[in-house]
Amino acid sequence: MRGLHWFRNDLRLQDNRALDDLFQAVDEWCGLFVLEHRLVNKPSVSRKRLSFLFECLDDLATDITQVGNRLVIIEGPAETQIPQVMHEMSASVLSFNESTTPFAKSRDQSVICSVEKAGHRVLKRRDHVIFSATDIRSSKGSAYSVYTPYRNAWWKKYSQNDHGEFTASKRPRPIANFGTVSTPKLLTNLKKNLEKPTFKGGHRAAHNRLNQFLNKPVAHYHQNRDRPDLDGTSRLSMHLRFGTISVRECFKQAMEASHSDPSYKSGVHRWLDELVWREFYNAILEENPRVLHSNYRQEYDYLNWRNNPKDFSAWCAGRTGFPIVDAGIRQLLSTGWMHNRTRMIVASFLTKDLLIDWKLGERFFFEHLVDGDPASNNGGWQWAASTGTDAQPYFRIFNPWKQSERWDPEGDYIRRWVAELRDVPKLHLHSPTSVTQLASDYPTPIVDHASQRRAALIEYRKAREQNLEAQQGV
Ligand SMILES: Cc1cc2nc3c(=O)[nH]c(=O)nc-3n(C[C@H](O)[C@H](O)[C@H](O)COP(=O)(O)OP(=O)(O)OC[C@H]3O[C@@H](n4cnc5c(N)ncnc54)[C@H](O)[C@@H]3O)c2cc1C
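What you see is a predicted model; the values in this text were computed from it and never measured.

Scoring rules and cut-offs
Residues numbered from 1 in each chain as written. Predicted model: local features only at pLDDT ≥ 70, side-chain atom pairs only at ≥ 80, totals over all residues. Heavy atoms only, no water. Near = heavy atom within 4 Å. Polar contact = N/O pair within 3.5 Å; in protein donor to acceptor, adjacent residues only side chain to side chain. Areas by Shrake-Rupley, 256 points an atom, 1.4 Å probe, with all protein chains shown as cover. Nonpolar A, V, L, I, M, F, W, Y, C, P; charged D, E, K, R; others polar. Domains from an automatic or database assignment. Buried < 20%, exposed > 50% of the residue type's maximum accessible area, 1.4 Å probe, protein only. Helix = DSSP H or I, 4+ residues; strand = E, 2+ residues; numbered from the N terminus. Pairing = 2+ DSSP bridges. Salt bridge = Lys/Arg side-chain N within 4 Å of Asp/Glu carboxyl O.

Draft legend 1. View of the site of the ligand. Close to the ligand lie 27 residues; Tyr221, Thr233, Ser234, Arg235 and Asn340 are nearest. Threonine 233 places a polar side-chain atom, nitrogen or oxygen, 2.6 Å from an oxygen atom of the ligand. Leucine 236 places a polar main-chain atom, nitrogen or oxygen, 3.0 Å from an oxygen atom of the ligand. When the free accessible area of the ligand is taken as 820 Å², the share hidden by the protein chains comes to 95%. Each residue belonging to the shell around the ligand can be placed in one class, and the counts come to 13 nonpolar, eight polar and six charged. Residues from two domains meet in the shell around the ligand; each of domain 2 (129-165 + 203-287) and domain 3 (298-472) gives at least three.

Draft legend 2. Region of interest: the pairing of strand β4 (residues 93-97). With five of its five residues buried, β4 lies for the most part within the structure. Here β4 shows a buried face lined by Val93, Ser95 and Asn97 and a second buried face lined by Leu94 and Phe96. Examined bridge by bridge, β4 and strand β5 (residues 121-125) share five bridges and lie parallel to one another. Counterpart to phenylalanine 96 in the pairing with β5 is lysine 124.

Draft legend 3. The arrangement of the pattern of salt bridges in detail. The full count for this structure, using the stated rule, is 37 salt bridges. As a salt-bridge pair, arginine 126 and aspartate 135 come within 2.8 Å of each other at their nearest N and O atoms. On the accessibility criterion, arginine 126 (30% relative accessible area) is partly exposed. The partner of arginine 151 in a salt bridge is aspartate 273, and the shortest N-O contact between them spans 3.7 Å. Residue arginine 151 is located in helix α6 (residues 147-160), and its partner aspartate 273 is located in helix α12 (residues 265-287); the two are separated by 122 residues in the primary sequence. Residue classification places arginine 151 among the partly exposed positions, given a relative accessible area of 23%. The class of aspartate 273 is buried, set by a relative accessible area of 10%.

And the structure:
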(Lines give C-alpha, C1' and ligand atoms only; values in the text may rest on other atoms or scores of the structure.)
Protein backbone atom coordinates (compact mmCIF):
# COMPACT_ATOMS: atom_id res chain seq x y z
CA MET A 1 0.00 0.00 0.00
CA ARG A 2 1.20 3.52 -0.85
CA GLY A 3 0.75 6.70 1.15
CA LEU A 4 1.51 10.42 0.97
CA HIS A 5 2.26 12.68 3.90
CA TRP A 6 1.12 16.26 3.31
CA PHE A 7 3.61 18.47 5.22
CA ARG A 8 2.20 21.81 6.39
CA ASN A 9 3.22 23.37 9.73
CA ASP A 10 5.10 20.19 10.71
CA LEU A 11 8.28 20.46 8.64
CA ARG A 12 10.24 17.63 10.26
CA LEU A 13 10.54 13.85 10.14
CA GLN A 14 11.09 13.43 13.89
CA ASP A 15 8.23 13.03 16.38
CA ASN A 16 5.59 13.85 13.79
CA ARG A 17 2.22 12.36 14.79
CA ALA A 18 0.44 11.93 11.44
CA LEU A 19 3.65 10.90 9.67
CA ASP A 20 4.25 8.21 12.30
CA ASP A 21 0.68 6.95 11.75
CA LEU A 22 1.31 6.79 8.00
CA PHE A 23 4.52 4.83 8.55
CA GLN A 24 2.55 2.18 10.44
CA ALA A 25 -0.12 1.99 7.74
CA VAL A 26 1.73 1.76 4.39
CA ASP A 27 4.61 -0.05 2.66
CA GLU A 28 5.71 2.84 0.44
CA TRP A 29 5.54 6.59 1.09
CA CYS A 30 6.48 9.99 -0.23
CA GLY A 31 6.43 13.55 1.21
CA LEU A 32 4.27 16.26 -0.31
CA PHE A 33 4.14 20.03 0.12
CA VAL A 34 1.45 22.11 -1.55
CA LEU A 35 2.33 25.69 -2.34
CA GLU A 36 -0.94 27.60 -2.20
CA HIS A 37 -1.05 30.63 -4.46
CA ARG A 38 -3.88 32.12 -2.37
CA LEU A 39 -1.72 31.91 0.79
CA VAL A 40 1.78 32.84 -0.34
CA ASN A 41 1.21 35.34 -3.09
CA LYS A 42 -0.49 38.20 -1.30
CA PRO A 43 0.86 41.39 0.25
CA SER A 44 -0.17 40.38 3.78
CA VAL A 45 2.44 37.59 3.77
CA SER A 46 5.76 38.46 5.35
CA ARG A 47 8.61 38.07 2.81
CA LYS A 48 10.90 37.12 5.67
CA ARG A 49 8.48 34.41 6.79
CA LEU A 50 8.36 33.01 3.24
CA SER A 51 12.12 33.00 3.02
CA PHE A 52 12.29 31.14 6.36
CA LEU A 53 9.63 28.67 5.15
CA PHE A 54 11.62 27.90 1.98
CA GLU A 55 14.78 27.29 3.98
CA CYS A 56 12.83 24.90 6.23
CA LEU A 57 11.53 23.12 3.12
CA ASP A 58 15.06 22.78 1.71
CA ASP A 59 16.22 21.33 5.02
CA LEU A 60 13.29 18.90 5.10
CA ALA A 61 13.96 17.87 1.50
CA THR A 62 17.59 17.14 2.44
CA ASP A 63 16.47 15.00 5.40
CA ILE A 64 14.05 13.08 3.21
CA THR A 65 16.70 12.56 0.52
CA GLN A 66 19.07 11.20 3.15
CA VAL A 67 16.59 8.41 3.87
CA GLY A 68 16.43 7.63 0.13
CA ASN A 69 13.09 9.33 -0.50
CA ARG A 70 11.94 12.72 -1.78
CA LEU A 71 9.76 15.71 -1.03
CA VAL A 72 7.48 16.55 -3.91
CA ILE A 73 6.40 20.19 -4.09
CA ILE A 74 3.33 21.00 -6.17
CA GLU A 75 1.23 24.10 -6.68
CA GLY A 76 -2.30 24.11 -5.19
CA PRO A 77 -5.17 24.34 -4.74
CA ALA A 78 -4.88 21.35 -2.44
CA GLU A 79 -8.51 20.35 -2.96
CA THR A 80 -7.94 19.47 -6.63
CA GLN A 81 -4.21 18.80 -6.78
CA ILE A 82 -3.84 16.30 -3.93
CA PRO A 83 -6.38 13.78 -5.33
CA GLN A 84 -4.63 14.17 -8.70
CA VAL A 85 -1.14 13.40 -7.29
CA MET A 86 -2.54 10.48 -5.29
CA HIS A 87 -3.98 9.09 -8.51
CA GLU A 88 -0.69 9.53 -10.41
CA MET A 89 1.26 7.80 -7.64
CA SER A 90 -1.37 5.11 -7.02
CA ALA A 91 -1.43 6.18 -3.39
CA SER A 92 -4.41 5.16 -1.27
CA VAL A 93 -3.60 6.85 2.06
CA LEU A 94 -3.12 10.55 2.83
CA SER A 95 -1.86 11.75 6.20
CA PHE A 96 -1.62 15.26 7.62
CA ASN A 97 -1.60 17.13 10.92
CA GLU A 98 -4.54 19.39 11.71
CA SER A 99 -4.54 23.20 11.66
CA THR A 100 -6.62 25.66 13.65
CA THR A 101 -7.61 28.49 11.32
CA PRO A 102 -11.08 28.53 9.74
CA PHE A 103 -9.50 28.71 6.25
CA ALA A 104 -7.37 25.59 6.83
CA LYS A 105 -10.24 23.68 8.42
CA SER A 106 -12.59 24.30 5.53
CA ARG A 107 -9.90 23.54 2.90
CA ASP A 108 -8.97 20.31 4.74
CA GLN A 109 -12.59 19.24 4.85
CA SER A 110 -12.80 19.61 1.06
CA VAL A 111 -9.57 17.62 0.62
CA ILE A 112 -10.88 14.86 2.89
CA CYS A 113 -14.17 14.71 0.97
CA SER A 114 -12.51 14.37 -2.41
CA VAL A 115 -9.90 11.84 -1.21
CA GLU A 116 -12.53 9.71 0.51
CA LYS A 117 -14.84 9.96 -2.48
CA ALA A 118 -12.08 8.36 -4.55
CA GLY A 119 -12.17 5.45 -2.09
CA HIS A 120 -8.95 6.41 -0.22
CA ARG A 121 -8.16 6.80 3.45
CA VAL A 122 -7.17 9.95 5.38
CA LEU A 123 -5.11 9.84 8.60
CA LYS A 124 -5.42 13.09 10.54
CA ARG A 125 -3.76 13.94 13.85
CA ARG A 126 -3.24 16.84 16.26
CA ASP A 127 0.45 17.70 16.40
CA HIS A 128 0.90 21.48 16.49
CA VAL A 129 -0.18 21.68 20.15
CA ILE A 130 -0.21 19.12 22.93
CA PHE A 131 -3.89 19.59 23.78
CA SER A 132 -6.68 20.92 21.65
CA ALA A 133 -9.55 23.04 23.00
CA THR A 134 -11.81 20.08 23.71
CA ASP A 135 -9.16 18.31 25.79
CA ILE A 136 -9.10 21.00 28.49
CA ARG A 137 -12.46 21.48 30.09
CA SER A 138 -13.70 22.75 33.46
CA SER A 139 -15.49 20.33 35.82
CA LYS A 140 -18.76 21.59 34.28
CA GLY A 141 -17.48 20.66 30.82
CA SER A 142 -17.09 24.23 29.55
CA ALA A 143 -14.11 25.83 27.82
CA TYR A 144 -11.85 28.14 29.85
CA SER A 145 -11.64 31.81 28.98
CA VAL A 146 -9.18 32.75 31.73
CA TYR A 147 -5.55 31.65 31.48
CA THR A 148 -4.72 30.67 35.10
CA PRO A 149 -7.45 28.04 35.59
CA TYR A 150 -6.77 26.85 32.01
CA ARG A 151 -3.08 26.48 32.85
CA ASN A 152 -3.85 24.54 36.04
CA ALA A 153 -6.18 22.19 34.18
CA TRP A 154 -3.62 21.90 31.37
CA TRP A 155 -0.83 20.82 33.73
CA LYS A 156 -3.15 18.39 35.51
CA LYS A 157 -3.98 16.72 32.21
CA TYR A 158 -0.36 16.75 31.13
CA SER A 159 0.75 14.98 34.30
CA GLN A 160 -1.84 12.26 33.65
CA ASN A 161 -0.62 11.48 30.12
CA ASP A 162 2.53 10.24 28.51
CA HIS A 163 3.56 12.79 25.90
CA GLY A 164 7.09 11.64 25.30
CA GLU A 165 8.70 11.86 21.90
CA PHE A 166 7.56 9.05 19.62
CA THR A 167 9.15 7.95 16.41
CA ALA A 168 7.71 5.05 14.48
CA SER A 169 9.79 1.90 14.54
CA LYS A 170 8.84 1.09 10.96
CA ARG A 171 9.92 3.29 8.02
CA PRO A 172 8.30 2.32 4.72
CA ARG A 173 10.13 2.26 1.39
CA PRO A 174 10.03 5.21 -1.00
CA ILE A 175 7.36 5.12 -3.69
CA ALA A 176 9.19 3.84 -6.75
CA ASN A 177 8.76 4.76 -10.43
CA PHE A 178 6.44 7.71 -10.45
CA GLY A 179 8.51 9.85 -12.79
CA THR A 180 9.53 13.45 -12.23
CA VAL A 181 7.49 16.28 -10.84
CA SER A 182 8.85 19.65 -11.93
CA THR A 183 9.34 22.47 -9.44
CA PRO A 184 6.31 24.79 -9.56
CA LYS A 185 6.92 28.09 -11.38
CA LEU A 186 5.38 29.89 -8.42
CA LEU A 187 8.14 28.58 -6.14
CA THR A 188 10.92 29.56 -8.55
CA ASN A 189 9.43 33.04 -9.01
CA LEU A 190 8.92 33.63 -5.31
CA LYS A 191 12.42 32.45 -4.45
CA LYS A 192 13.97 34.87 -6.96
CA ASN A 193 12.64 37.88 -5.07
CA LEU A 194 13.50 36.84 -1.54
CA GLU A 195 16.43 37.80 0.65
CA LYS A 196 18.32 35.25 2.74
CA PRO A 197 16.36 34.45 5.92
CA THR A 198 17.36 36.33 9.06
CA PHE A 199 16.92 33.18 11.17
CA LYS A 200 18.28 29.78 10.22
CA GLY A 201 15.45 27.44 9.23
CA GLY A 202 15.06 23.69 9.55
CA HIS A 203 15.08 20.95 12.16
CA ARG A 204 18.82 21.06 12.90
CA ALA A 205 18.74 24.81 13.51
CA ALA A 206 15.72 24.40 15.82
CA HIS A 207 17.51 21.66 17.77
CA ASN A 208 20.67 23.69 18.10
CA ARG A 209 18.72 26.69 19.35
CA LEU A 210 16.82 24.58 21.90
CA ASN A 211 20.04 22.99 23.17
CA GLN A 212 21.78 26.35 23.37
CA PHE A 213 18.85 27.84 25.30
CA LEU A 214 18.55 24.88 27.68
CA ASN A 215 22.28 24.87 28.26
CA LYS A 216 22.18 28.11 30.26
CA PRO A 217 19.81 31.00 29.42
CA VAL A 218 16.76 29.03 30.59
CA ALA A 219 18.16 29.04 34.15
CA HIS A 220 17.58 32.82 34.27
CA TYR A 221 14.54 32.94 32.00
CA HIS A 222 12.15 33.97 34.79
CA GLN A 223 14.41 36.97 35.58
CA ASN A 224 15.48 37.94 32.05
CA ARG A 225 12.46 37.16 29.89
CA ASP A 226 11.13 40.74 29.97
CA ARG A 227 14.43 42.39 29.05
CA PRO A 228 14.63 43.16 25.33
CA ASP A 229 18.25 44.25 25.77
CA LEU A 230 19.28 40.69 26.73
CA ASP A 231 19.25 37.46 24.72
CA GLY A 232 17.17 35.83 27.46
CA THR A 233 14.42 34.03 25.53
CA SER A 234 14.51 30.95 23.32
CA ARG A 235 13.71 32.57 19.93
CA LEU A 236 12.07 29.31 18.98
CA SER A 237 8.74 30.88 18.00
CA MET A 238 9.39 30.67 14.25
CA HIS A 239 10.40 27.00 14.60
CA LEU A 240 7.27 26.19 16.59
CA ARG A 241 5.25 28.08 13.97
CA PHE A 242 6.51 25.86 11.15
CA GLY A 243 6.93 22.72 13.25
CA THR A 244 10.64 22.24 12.61
CA ILE A 245 10.64 21.12 16.24
CA SER A 246 7.78 19.49 18.10
CA VAL A 247 6.30 21.19 21.13
CA ARG A 248 6.38 17.82 22.93
CA GLU A 249 10.13 17.68 22.45
CA CYS A 250 10.49 21.18 23.93
CA PHE A 251 8.56 20.08 27.03
CA LYS A 252 10.46 16.81 27.35
CA GLN A 253 13.92 18.31 27.01
CA ALA A 254 13.20 21.29 29.25
CA MET A 255 11.85 19.03 31.98
CA GLU A 256 14.91 16.81 31.70
CA ALA A 257 17.14 19.87 32.06
CA SER A 258 15.22 20.91 35.16
CA HIS A 259 15.51 17.43 36.70
CA SER A 260 19.24 17.21 36.09
CA ASP A 261 19.93 20.66 37.56
CA PRO A 262 17.45 21.94 40.20
CA SER A 263 18.72 25.52 39.76
CA TYR A 264 16.96 25.46 36.35
CA LYS A 265 13.57 24.73 37.90
CA SER A 266 12.10 28.26 38.14
CA GLY A 267 13.30 29.26 34.67
CA VAL A 268 12.09 26.05 33.04
CA HIS A 269 8.73 26.26 34.74
CA ARG A 270 8.19 29.82 33.61
CA TRP A 271 9.27 28.97 30.05
CA LEU A 272 6.89 26.02 29.83
CA ASP A 273 4.05 28.23 31.10
CA GLU A 274 4.69 30.48 28.07
CA LEU A 275 4.25 27.47 25.84
CA VAL A 276 0.96 26.89 27.65
CA TRP A 277 -0.06 30.46 26.64
CA ARG A 278 0.50 29.31 23.07
CA GLU A 279 -1.83 26.35 23.69
CA PHE A 280 -4.36 28.68 25.37
CA TYR A 281 -4.55 31.07 22.41
CA ASN A 282 -4.77 28.14 20.06
CA ALA A 283 -7.73 26.81 22.06
CA ILE A 284 -9.37 30.25 22.07
CA LEU A 285 -9.16 30.43 18.27
CA GLU A 286 -10.38 26.87 17.91
CA GLU A 287 -13.44 27.61 20.06
CA ASN A 288 -14.06 31.15 18.77
CA PRO A 289 -12.97 31.53 15.13
CA ARG A 290 -14.79 34.89 15.11
CA VAL A 291 -11.89 36.45 17.09
CA LEU A 292 -9.94 36.68 13.82
CA HIS A 293 -12.17 39.53 12.73
CA SER A 294 -13.91 40.80 15.87
CA ASN A 295 -13.39 41.59 19.54
CA TYR A 296 -13.57 38.61 21.90
CA ARG A 297 -15.28 40.97 24.38
CA GLN A 298 -18.16 42.31 22.40
CA GLU A 299 -18.70 45.30 24.74
CA TYR A 300 -15.75 46.89 22.94
CA ASP A 301 -17.52 46.74 19.59
CA TYR A 302 -18.68 50.22 20.61
CA LEU A 303 -15.12 51.58 20.80
CA ASN A 304 -14.64 54.70 18.77
CA TRP A 305 -11.18 54.11 17.26
CA ARG A 306 -9.59 57.26 15.87
CA ASN A 307 -7.48 55.45 13.25
CA ASN A 308 -5.53 58.57 12.29
CA PRO A 309 -3.56 57.57 9.13
CA LYS A 310 -0.62 59.90 9.94
CA ASP A 311 -0.21 58.37 13.41
CA PHE A 312 -0.45 54.86 11.96
CA SER A 313 2.23 55.62 9.35
CA ALA A 314 4.57 56.99 12.04
CA TRP A 315 4.04 53.85 14.14
CA CYS A 316 4.61 51.53 11.14
CA ALA A 317 7.84 53.35 10.27
CA GLY A 318 9.19 53.38 13.85
CA ARG A 319 9.07 57.18 13.91
CA THR A 320 6.73 57.99 16.79
CA GLY A 321 9.34 59.81 18.87
CA PHE A 322 8.93 57.19 21.63
CA PRO A 323 12.32 55.42 21.61
CA ILE A 324 11.19 52.05 23.01
CA VAL A 325 8.26 51.89 20.57
CA ASP A 326 10.44 52.84 17.61
CA ALA A 327 13.16 50.37 18.65
CA GLY A 328 10.59 47.53 18.72
CA ILE A 329 9.15 48.37 15.30
CA ARG A 330 12.61 48.79 13.76
CA GLN A 331 13.73 45.44 15.19
CA LEU A 332 10.66 43.89 13.54
CA LEU A 333 11.27 45.61 10.19
CA SER A 334 14.91 44.67 10.19
CA THR A 335 14.77 41.06 11.44
CA GLY A 336 11.15 39.84 11.26
CA TRP A 337 11.10 39.23 15.03
CA MET A 338 10.38 41.40 18.05
CA HIS A 339 10.89 40.75 21.74
CA ASN A 340 7.68 39.89 23.64
CA ARG A 341 7.96 42.86 26.04
CA THR A 342 8.28 45.30 23.14
CA ARG A 343 5.42 43.57 21.29
CA MET A 344 3.28 44.37 24.33
CA ILE A 345 4.56 47.96 24.52
CA VAL A 346 4.08 48.79 20.83
CA ALA A 347 0.64 47.13 20.80
CA SER A 348 -0.46 49.05 23.88
CA PHE A 349 0.87 52.27 22.35
CA LEU A 350 -1.02 51.75 19.10
CA THR A 351 -4.34 50.87 20.70
CA LYS A 352 -4.33 53.08 23.81
CA ASP A 353 -2.04 56.05 23.06
CA LEU A 354 -3.07 56.36 19.41
CA LEU A 355 -6.56 54.81 19.69
CA ILE A 356 -5.95 52.79 16.53
CA ASP A 357 -7.89 49.56 16.01
CA TRP A 358 -5.89 46.49 17.06
CA LYS A 359 -6.84 44.79 13.77
CA LEU A 360 -4.54 47.21 11.89
CA GLY A 361 -1.65 46.38 14.21
CA GLU A 362 -2.40 42.67 14.00
CA ARG A 363 -2.26 42.82 10.20
CA PHE A 364 0.98 44.82 10.23
CA PHE A 365 2.59 42.26 12.55
CA PHE A 366 1.41 39.43 10.33
CA GLU A 367 2.94 41.15 7.31
CA HIS A 368 6.33 41.26 9.02
CA LEU A 369 6.72 38.53 11.65
CA VAL A 370 8.64 35.37 10.76
CA ASP A 371 6.74 33.65 13.59
CA GLY A 372 3.41 35.25 12.51
CA ASP A 373 0.82 32.86 13.84
CA PRO A 374 -2.92 33.65 13.62
CA ALA A 375 -3.78 32.34 17.11
CA SER A 376 -0.88 33.88 19.11
CA ASN A 377 -0.87 37.11 17.12
CA ASN A 378 -4.57 37.62 17.60
CA GLY A 379 -4.34 36.64 21.26
CA GLY A 380 -1.45 39.06 21.86
CA TRP A 381 -3.19 41.95 20.12
CA GLN A 382 -6.53 41.45 21.81
CA TRP A 383 -4.71 41.12 25.15
CA ALA A 384 -2.98 44.49 24.65
CA ALA A 385 -6.14 46.20 23.39
CA SER A 386 -8.11 44.83 26.40
CA THR A 387 -10.66 43.37 23.98
CA GLY A 388 -9.51 39.77 24.41
CA THR A 389 -10.04 36.89 26.72
CA ASP A 390 -8.22 37.37 30.04
CA ALA A 391 -6.83 40.59 28.61
CA GLN A 392 -4.99 43.47 30.24
CA PRO A 393 -7.79 45.45 32.03
CA TYR A 394 -8.67 48.55 29.97
CA PHE A 395 -7.57 50.96 32.75
CA ARG A 396 -4.06 49.49 32.95
CA ILE A 397 -2.27 51.48 30.29
CA PHE A 398 1.47 51.06 29.77
CA ASN A 399 3.49 54.24 30.16
CA PRO A 400 6.10 53.83 27.37
CA TRP A 401 8.66 55.99 29.20
CA LYS A 402 8.41 53.94 32.39
CA GLN A 403 8.41 50.69 30.43
CA SER A 404 11.67 51.55 28.71
CA GLU A 405 13.28 52.72 31.95
CA ARG A 406 12.31 49.48 33.65
CA TRP A 407 13.01 46.92 30.93
CA ASP A 408 15.86 48.58 29.01
CA PRO A 409 17.57 50.36 31.91
CA GLU A 410 20.88 51.01 30.13
CA GLY A 411 19.14 51.94 26.87
CA ASP A 412 21.14 49.28 25.00
CA TYR A 413 18.12 47.93 23.13
CA ILE A 414 17.02 51.42 22.07
CA ARG A 415 20.51 52.36 20.91
CA ARG A 416 20.89 49.09 18.97
CA TRP A 417 17.77 49.75 16.87
CA VAL A 418 17.40 53.54 16.75
CA ALA A 419 20.52 54.83 15.03
CA GLU A 420 19.69 58.50 15.74
CA LEU A 421 19.92 57.82 19.47
CA ARG A 422 23.19 55.87 19.42
CA ASP A 423 25.13 58.57 21.23
CA VAL A 424 22.44 59.64 23.67
CA PRO A 425 23.32 58.78 27.30
CA LYS A 426 20.94 56.42 29.08
CA LEU A 427 19.74 59.14 31.45
CA HIS A 428 18.06 60.98 28.57
CA LEU A 429 16.56 58.03 26.68
CA HIS A 430 13.57 57.51 28.90
CA SER A 431 12.05 60.99 28.97
CA PRO A 432 10.36 62.99 26.19
CA THR A 433 12.01 66.39 26.48
CA SER A 434 15.62 65.29 26.73
CA VAL A 435 15.43 62.82 23.81
CA THR A 436 14.28 65.50 21.41
CA GLN A 437 16.76 68.02 22.73
CA LEU A 438 19.69 65.64 22.32
CA ALA A 439 19.03 64.12 18.92
CA SER A 440 17.96 66.67 16.33
CA ASP A 441 17.24 64.09 13.59
CA TYR A 442 14.92 62.09 15.84
CA PRO A 443 11.17 62.93 15.70
CA THR A 444 9.48 64.72 18.58
CA PRO A 445 6.87 62.51 20.28
CA ILE A 446 3.75 62.44 18.09
CA VAL A 447 1.46 62.50 21.15
CA ASP A 448 1.59 63.34 24.84
CA HIS A 449 1.22 60.11 26.80
CA ALA A 450 -0.61 61.58 29.80
CA SER A 451 -3.37 63.24 27.77
CA GLN A 452 -3.72 60.24 25.43
CA ARG A 453 -4.10 57.99 28.45
CA ARG A 454 -6.99 60.14 29.69
CA ALA A 455 -8.59 60.13 26.23
CA ALA A 456 -8.32 56.33 25.99
CA LEU A 457 -9.90 55.85 29.40
CA ILE A 458 -12.83 58.05 28.34
CA GLU A 459 -13.32 56.10 25.10
CA TYR A 460 -13.10 52.69 26.76
CA ARG A 461 -15.56 53.73 29.49
CA LYS A 462 -17.91 55.18 26.90
CA ALA A 463 -17.88 51.92 24.94
CA ARG A 464 -18.67 49.94 28.07
CA GLU A 465 -21.54 52.26 28.96
CA GLN A 466 -22.98 52.14 25.46
CA ASN A 467 -22.85 48.38 25.57
CA LEU A 468 -24.63 48.33 28.92
CA GLU A 469 -27.31 50.64 27.62
CA ALA A 470 -27.79 48.48 24.53
CA GLN A 471 -28.12 45.39 26.72
CA GLN A 472 -30.68 47.08 28.94
CA GLY A 473 -32.54 48.27 25.87
CA VAL A 474 -32.23 51.92 26.87
C1 LIG B 1 0.91 41.85 20.18
C2 LIG B 1 1.57 40.48 20.22
C3 LIG B 1 1.63 39.70 19.05
C4 LIG B 1 2.23 38.44 19.09
N5 LIG B 1 2.28 37.69 17.93
C6 LIG B 1 2.82 36.44 17.96
C7 LIG B 1 2.87 35.65 16.78
O8 LIG B 1 2.38 36.03 15.71
N9 LIG B 1 3.47 34.42 16.86
C10 LIG B 1 3.99 33.95 18.03
O11 LIG B 1 4.53 32.84 18.04
N12 LIG B 1 3.93 34.68 19.15
C13 LIG B 1 3.37 35.90 19.17
N14 LIG B 1 3.35 36.64 20.32
C15 LIG B 1 3.80 36.04 21.58
C16 LIG B 1 5.28 36.26 21.93
O17 LIG B 1 5.60 37.61 21.81
C18 LIG B 1 6.24 35.43 21.08
O19 LIG B 1 5.83 34.08 21.05
C20 LIG B 1 7.66 35.46 21.67
O21 LIG B 1 8.12 36.79 21.74
C22 LIG B 1 8.58 34.64 20.80
O23 LIG B 1 9.89 34.72 21.27
P24 LIG B 1 10.60 33.45 21.92
O25 LIG B 1 10.45 32.28 21.03
O26 LIG B 1 11.97 33.89 22.29
O27 LIG B 1 9.70 33.24 23.21
P28 LIG B 1 10.01 32.51 24.59
O29 LIG B 1 9.89 33.53 25.64
O30 LIG B 1 11.24 31.71 24.54
O31 LIG B 1 8.75 31.55 24.76
C32 LIG B 1 8.75 30.20 24.27
C33 LIG B 1 7.60 30.00 23.32
O34 LIG B 1 6.36 30.14 24.00
C35 LIG B 1 5.40 30.72 23.12
N36 LIG B 1 4.98 32.01 23.69
C37 LIG B 1 5.69 32.84 24.46
N38 LIG B 1 4.95 33.90 24.84
C39 LIG B 1 3.75 33.73 24.27
C40 LIG B 1 2.55 34.49 24.27
N41 LIG B 1 2.42 35.64 24.96
N42 LIG B 1 1.51 34.04 23.54
C43 LIG B 1 1.59 32.88 22.86
N44 LIG B 1 2.70 32.12 22.83
C45 LIG B 1 3.76 32.53 23.52
C46 LIG B 1 6.08 30.93 21.78
O47 LIG B 1 5.81 29.82 20.98
C48 LIG B 1 7.55 30.98 22.18
O49 LIG B 1 8.42 30.60 21.16
C50 LIG B 1 2.75 37.93 20.31
C51 LIG B 1 2.68 38.72 21.46
C52 LIG B 1 2.10 39.98 21.42
C53 LIG B 1 2.05 40.81 22.67
